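Listed here are the chains, written in short residue letters.
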Amino acid sequence: MQPDFSKIGPFLVSALVIFAIYRRFRRSFGRQLLGPGRMTVRVALLAVAGCALLPMALRSAQYLWSELAGATLGVGLGVWSAGRTRFLMHGGRLQYVPHTYTGIVVSLLFLGRLAFRVAQAYTGSQAFAPTSMVSSPLTIGIFFVLVGYYLWYYAWMLWKSKHLQPEDIEAASPAAAQ
């Protein structure tokens, strides 16, 4: 009897999504190593994903307003969070401490909407397909909150890390070293 490996795919995708969500939440807490290369890649990927969904605005005014409102809210949250981010020098390497609550709110907003759309698919009220994930202006708006937030925040972090003054960098406390 041959094993049926076709049923493993959804479990692997689910595991990958859970791992990505875990990493996203992990980056919302405590000191993070400032990696300009990684941040540049994230900015590029988010910009491509956002640009790929921009034509949705041509569908209707509802999509246009959801994209604009989502991006505006996301950039606003990014400005708020960036202003509250602290920089540290620890072990000779530059690190930053993001504003925890803002990152969590943005991540939970996106995760909650994603979970809602997946739940709709499993209850049978809507088929689950990649196109069904973008069939709602609300989902598009929430995605643009995420895009606006992280594009602004990471771009600001890249800019700020190149323009830091010595007084901008806090000394790492012994308690933070643990």
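In this report, the structure presented in the accompanying data block is examined. If you're wondering where the values come from, they're calculated on a predicted model, not measured in any experiment.

## Overview of the pairing of strand E2 (residues 86-90)
The side chains of a regular strand alternate between the sheet's two faces. Two elements, E2 and strand E3 (residues 93-97), share five bridges in a ladder whose sense is antiparallel. In the strand pairing of E3, Met89 is matched with Leu94. Taking the residues that link successive antiparallel strands as the turn, the E2-E3 hairpin has two residues, and the phi of Gly91 there is positive, at about 65 degrees. Sheet topology places E2 next to strand E4 (residues 169-171); three bridges connect them, and they run parallel. Along E4, the bridge assignment pairs Leu88 with Glu170.

## Topic: the pattern of salt bridges
Inspection of every chain in the model, using the stated rule, returns two salt bridges. A salt bridge links Arg86 to Glu170, with the shortest nitrogen-to-oxygen separation between them at 3.3 Å. Of the two residues, Arg86 is situated in strand E2 and Glu170 in strand E4; the sequence distance between them amounts to 84 residues. Owing to a relative accessible area of 38%, Arg86 belongs among the partly exposed residues under this scheme. Between Lys160 and Asp168 there is a salt bridge, and its shortest N-O distance comes to 3.5 Å. Residue classification places Asp168 among the partly exposed positions, given a relative accessible area of 27%.

Reading the values: the criteria
Residues numbered from 1 in each chain as written. Predicted model: local features only at pLDDT ≥ 70, side-chain atom pairs only at ≥ 80, totals over all residues. Heavy atoms only, no water. Pairing = 2+ DSSP bridges. Helix = DSSP H or I, 4+ residues; strand = E, 2+ residues; numbered from the N terminus. Salt bridge = Lys/Arg side-chain N within 4 Å of Asp/Glu carboxyl O. Buried < 20%, exposed > 50% of the residue type's maximum accessible area, 1.4 Å probe, protein only.

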